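Results of the structural survey
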Amino acid sequence: MATMAECRSALDKLSDNLAAAEDDVRSAAALDRSLSCHIKDLDITFTGRLADGRIRVADTVEGPPREKAEIRLAMTSDDLVALVDGDLNFAKAWASGRVRLEAGFRDLLKLRSLL
């Protein structure tokens, strides 16, 4: 099980990857939406925004998200680290239920290039 610090580092790395992306990925990351990432095995939630092609974590709370973000992710700590490191394919993890992604239909269409 990854630690809270390792999860935060993974989110920072993901943010850096999005900021450095080009073309379709960069345009998908250009959304301005509230974001939550619930780490199920640690029972913590990172909350913040996806804006200007970056993820900005504003807070970490215990338990599931208290407010419904426009883009919601849920997974284990190890899956978050593996996804960001490229050791876990997002589409396969999502299809198998290891990773949960919830968002509005239009946002899902935009986000598909990130996946």
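Residues numbered from 1 in each chain as written. Predicted model: local features only at pLDDT ≥ 70, side-chain atom pairs only at ≥ 80, totals over all residues. Heavy atoms only, no water.

1. Some details on the sheet that holds strand β4 (residues 71-75)
Pairing is mixed across the open sheet formed by 5 strands, whose spatial order is β3-β2-β1-β4-β5. On the outer flanks of this sheet lie β3 (54-62) and β5 (100-103), each paired with one strand and no other. Neighbour-to-neighbour, the strand axes of the sheet open up by a mean angle of 20°, direction not taken into account. As defined by bridge partners, strand β1 (residues 33-39) adjoins β4 across 5 bridges and the pair is classed as parallel. Bridge assignment links S36 to a residue of β4, and that residue is R72. Its contacts with the sheet place helix α3 (residues 77-85) against β1 and β4, and it is angled at close to 110° to β4. (Pairing = 2+ DSSP bridges. Helix = DSSP H or I, 4+ residues; strand = E, 2+ residues; numbered from the N terminus. Axes fitted to C-alpha atoms, helices over the stretch in contact; angles between N-to-C directions. Contact = heavy atoms within 4.5 Å.)

2. Overview of the packing of aromatic side chains
With the rule as written, the count across this model stands at 1 aromatic pair. Ring geometry for F90 versus W94: centroids 6.1 Å apart, planes at 40°, classification tilted. You can see F90 and its partner W94 sitting in helix α4 (residues 90-96), 4 residues apart, about one turn around the helix. Classification of F90 by relative accessible area gives buried; the value is 15%. For W94, a relative accessible area of 37% gives the class partly exposed. (Phe/Tyr/Trp six-rings, centres within 6.5 Å; stacked < 30°, edge-to-face > 60°. Buried < 20%, exposed > 50% of the residue type's maximum accessible area, 1.4 Å probe, protein only.)

3. Observations concerning the pairing of β4
With 5 of 5 residues buried, β4 is to be regarded as a mostly interior element. Side chains I71, L73 and M75 of β4 all project onto a buried face; the interleaved residues R72 and A74 project onto the opposite face, where all are buried too. Where β4 and β5 come together, 4 bridges link them in antiparallel fashion. Bridge pairing links R72 to E102 in β5.

4. So, the pattern of salt bridges
Note on pairing: side chains with opposite charge can pair once their charged atoms come close. The tally for this structure, following the rule as stated, stands at 8 salt bridges. D79 is paired through a salt bridge with R98; the nearest N and O atoms lie 2.5 Å apart. Of this pair, D79 sits in helix α3 while R98 sits in the loop between α4 and β5, and the two are 19 residues apart along the sequence. Since its relative accessible area comes to 8%, D79 is described here as buried. Linked through salt bridges whose partners overlap, the residues forming this network are R72, R100 and E102. (Salt bridge = Lys/Arg side-chain N within 4 Å of Asp/Glu carboxyl O.)

Read these as geometric descriptors, not functional statements.
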